[in-house]
Structures are given as C-alpha cells and as structure tokens.
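Per-entry structural report
For reference, the chains in residue letters:
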Amino acid sequence: MEINFIGLASAAATFLGVWIGHVSVRKIEREVERIWIPSALALTFGIALELASFRTGSLILSTICGILGITLLWDWLELAYRQPKRVMKGHAPANPGNSRHAQILAAYPDATTIDWLDRDPRGTPFSEDELHAIKDGTK
Amino acid sequence: MNWFGILVGISTLFIIGLGFVWVIRGERYFGYLWWPYAMGAGIILMVISTSVTNDYVCALLGAMGASLLWGSTELKEQAIRGELGWYPFRHEKIQPPFAKIIQKWKAPSL
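Reference entry: report on the structure contained in this document. Only a predicted model underlies this, so the values are computations on that prediction, with no experimental measurement involved. (Residues numbered from 1 in each chain as written. Chains lettered and ligands numbered in written order. Predicted model: local features only at pLDDT ≥ 70, side-chain atom pairs only at ≥ 80, totals over all residues. Heavy atoms only, no water.)

**Here's the deal with the overall build of chain B**
The cut-off we apply is this: A run of DSSP states H or I qualifies as a helix once it reaches four residues; a run of E qualifies as a strand once it reaches two. Both are numbered from the N-terminal end. A 1.4 Å probe rolled over the protein chains alone gives each residue an accessible area, and that area as a share of the maximum for its type sets the label: buried under 20%, exposed over 50%, partly exposed in between. Throughout, a residue-residue contact means that at least one pair of heavy atoms, one from each residue, lies within 4.5 Å.
The secondary structure content of chain B amounts to four helices and zero strands. Referenced to the eigenvectors of the C-alpha coordinate spread, the extents of chain B come out at roughly 50 × 30 × 20 Å. Scored against the burial criterion, the 110 residues of chain B give a buried share of 48%. A fraction of 80% describes how many contacts in chain B between residues 6 or more apart in sequence connect residues 24 or more apart.

Given below as structure tokens:
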C-alpha cells in the first residue's frame, strides 16, 4: 500500500504553525511598541503564502502554504487585536518597559504584570480574596 | 490555479476553532488529566491519514490529528484558567482511566 504524505504535511504545518504562532505572538506583542509593523508583516506574508499555495502544482506544497498562510492571517488578528485585549484584561502579563503596555497599565485597572497562568492546576477555584492577595503580593 | 491548499487551510482554521471548543468544554467536564488520551488520539489520526487515498480526507485527518495533539498541550493551562474564574468551573470531573498514574506525569504546556 502506498503512503499518502499529504496528511503528515498538513499535520506538521498545523502543529508547527499553531505552536510557533502561539509563542511568537505573545513574545512580539510584549516587546514591540509599534505593533502595526509585525501585524502588517503577518498580513502580507499570510496573503503571499495563500497566493503561493494557489499557484504551486504540488499538493504537498499547496497544503503547507495554505495552512501556514491562514495561520499567519490569524496571527495578524492576534497581534493587532486579540493579544492587546488580553493584556488590557490582565489575562496576559503587561511589560512595563514597553511604552504601549505602560499606557495600558495606566489606563486599565485589570492590566497587570502578573502571569496568572504561570502555576500548576490545584483542583479548586481561587476565591476573590485569594486573587486579590496574589495581585497585591506581586505589585 | 490550485485550490487545494486554500481550501485545506480554511478547513484547518475551522478544525482549530473546534479545538477551542473541545479544550474548554472537555476540561470543564473531564479535567486536564485526559491529555495523554487526546495526544494519543491525535497521533493515531495522523497515522491513519497516511493510508487514506482521498487527498482532501488525508489532509484534513492530518490537521485534526495535529489539532488534537496541540489541544492536549493546552488542557493544563485551561484547567488553570477555570480555577482563576476566567471560565465556568466544575468540581465534578469525569476522571480518565489511570488518573492516579497520569497525575505523576508532567502535563505538557508549550
């Protein structure tokens, strides 16, 4: 029986695209002050990869470009809108050394430098008091 | 003109979107200790895809496998989000087989 490699190509593109996107969106949004620049790059390369996937004759290349292109278009949304919103809500830690984040810290009371997710699950929900204590302890 | 990659790419977007749903719901009702099962299911789907002759089905099975694999690494963080009150929390979780053993393993988080 012949092996069809298209599924493995699409699996690799999906997993690596999501993983690299997940890590780099957080890192880039945290460090870069003029966020429109990486956003515009993600948008441009996303469209370019979709065009490449449209033009190539190889199904495997077309799959990889198609999936990575869509992933980059999603990263554009993440960089430009979704990740800054998480910082405003305090769900992603703000970087006070980044002037854009410093403005968010000043304007949004829920914004914080705490990384709330940097812990292990304990099996029970946190009370309001516990959440306040964590927030006050690190300030 | 090759529509294959774009169609697979857009379908993958929906498969990943579905990933958000099952990770959130799955963690709420079953708990994050199911992660090795999600990981195993993802790998099985990828292996099955290699013997599928229809290229669209093959590509989408691969993407579903990768999405399950990624979801398995998200379950632990989702458990924390639930405990922090960012998502509804349920005390009664349907534990997986061998939960006691899995508890001793370090849950992946990428």
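So, next bit.
**Some words on the overall build of chain A**
So the rule is basically this: Radius of gyration means the value over C-alpha atoms here, while the globule rule gives 2.2 Å times the residue count to the 0.38 power. Surface accessibility follows the Shrake-Rupley procedure with a 1.4 Å probe radius. Residue values consider only the protein chains on display as shielding.
When helices and strands are tallied, chain A shows five helices and zero strands. From first element to last, N terminus to C terminus, chain A shows the α and β order α-α-α-α-α. The C-alpha radius of gyration computed for chain A amounts to 19 Å, which surpasses the reference 14 Å derived for 139 residues by more than 25%, pointing to a less compact arrangement than a globule. For chain A, the spread of C-alpha atoms along the three principal axes comes to 60 × 40 × 15 Å. A total of 139 residues make up chain A; the buried ones form 40% of that total. Sequence-distant contacts in chain A: of pairs separated by 6 or more residues, those separated by 24 or more amount to 48%. Accessible surface computed for chain A: about 7,800 Å², of which carbon and sulfur atoms make up 65%.

**What to know about the interface of chain A and chain B**
The following threshold applies: By buried area we mean how much accessible surface two parts lose on assembly, using a 1.4 Å probe and totalling the loss over both. In what follows, salt bridge is the name for a side-chain nitrogen of Lys or Arg lying within 4 Å of a carboxyl oxygen of Asp or Glu. Any pair of nitrogen or oxygen atoms within 3.5 Å is treated as a polar contact; in protein, a donor-acceptor pairing is required on top of that, and neighbouring residues in sequence qualify only through side-chain atoms on both sides. Polar here means any residue outside two lists: the nonpolar Ala, Val, Leu, Ile, Met, Phe, Trp, Tyr, Cys and Pro, and the charged Asp, Glu, Lys and Arg; Gly therefore counts as polar.
If you look at the interface, chain A gives 41 residues, while chain B gives 41 residues. Taken together, both faces of the contact between chain A and chain B bury some 3,600 Å²; the carbon and sulfur share is 72%. Run the count over chain A and chain B and you get one salt bridge. With its nearest N and O atoms 3.2 Å apart, the salt bridge here joins aspartate 120 of chain A to lysine 76 of chain B. In this assembly, chain A and chain B are joined by 14 residue pairs in polar contact (both at pLDDT 80 or more). Of all the secondary structure elements, the ones that give two or more residues to the side of chain A that touches chain B are helix H1 (6-31), helix H2 (36-55) and helix H3 (59-89) of chain A. Among the elements that take part in the side of chain A that touches chain B, H1 of chain A stands out by supplying ten residues, more than any other. Class assignment for the residues of the side of chain A that touches chain B results in 19 nonpolar, 16 polar and six charged.

**Quick notes on unusual backbone geometry**
Residue and element names in this part refer to chain B. Residues other than glycine seldom take positive phi values, yet phenylalanine 98 does so here, at roughly 65°. For phenylalanine 98, the location among the structural elements is in the loop between helix H3 (55-83) and helix H4 (99-103). Looking at phenylalanine 98, the relative accessible area reads 60%, which means it is exposed.

**Considering the side chain of glutamine 78 of chain B**
Tracing the backbone through its elements, the reader meets glutamine 78 of chain B in helix H3. Dropping the residues within four chain positions of it, glutamine 78 of chain B is found in contact with Val23, Ile24, Glu27 and Tyr87 of chain B.

**Here's the deal with the nonpolar core**
Definition in use: Throughout this description, the term nonpolar core refers to a set of buried Ala, Val, Leu, Ile, Met, Phe, Trp, Tyr and Cys residues connected via side-chain atoms within 4.5 Å.
Core analysis: the biggest nonpolar cluster contains nine residues, these being Ile6, Ala13 and Ile67 of chain A together with Phe4, Val8, Val52, Cys58, Ala59 and Leu61 of chain B. The set of elements that each furnish at least two residues to this core consists of H1 of chain A together with helix H1 (4-30) and H3 of chain B. It is H3 of chain B that provides the largest number of residues to this core, a total of three residues. Setting aside residues up to four positions removed in sequence, isoleucine 6 of chain A forms contacts with Leu59, Ile60 and Thr63 of chain A together with Phe4, Asp55, Cys58 and Ala59 of chain B.

**Description of a nonpolar patch on the surface**
We apply this condition: Here a patch means residues that are over 30% exposed by relative accessible area and free of salt bridges, tied together within 9 Å if like-charged and within 5 Å if nonpolar (Val, Leu, Ile, Met, Phe, Trp, Tyr).
Taken together, the side chains of Trp74 of chain A together with Ile10, Leu13, Phe14, Phe20 and Val21 of chain B present a nonpolar region at the surface, about 550 Å² in accessible area. Ranked by the residues each element gives to the nonpolar patch, the list is headed by H1 of chain B, at five residues. Locating leucine 13 of chain B in the fold gives a position in helix H1. Given a relative accessible area of 32%, leucine 13 of chain B falls into the partly exposed group.

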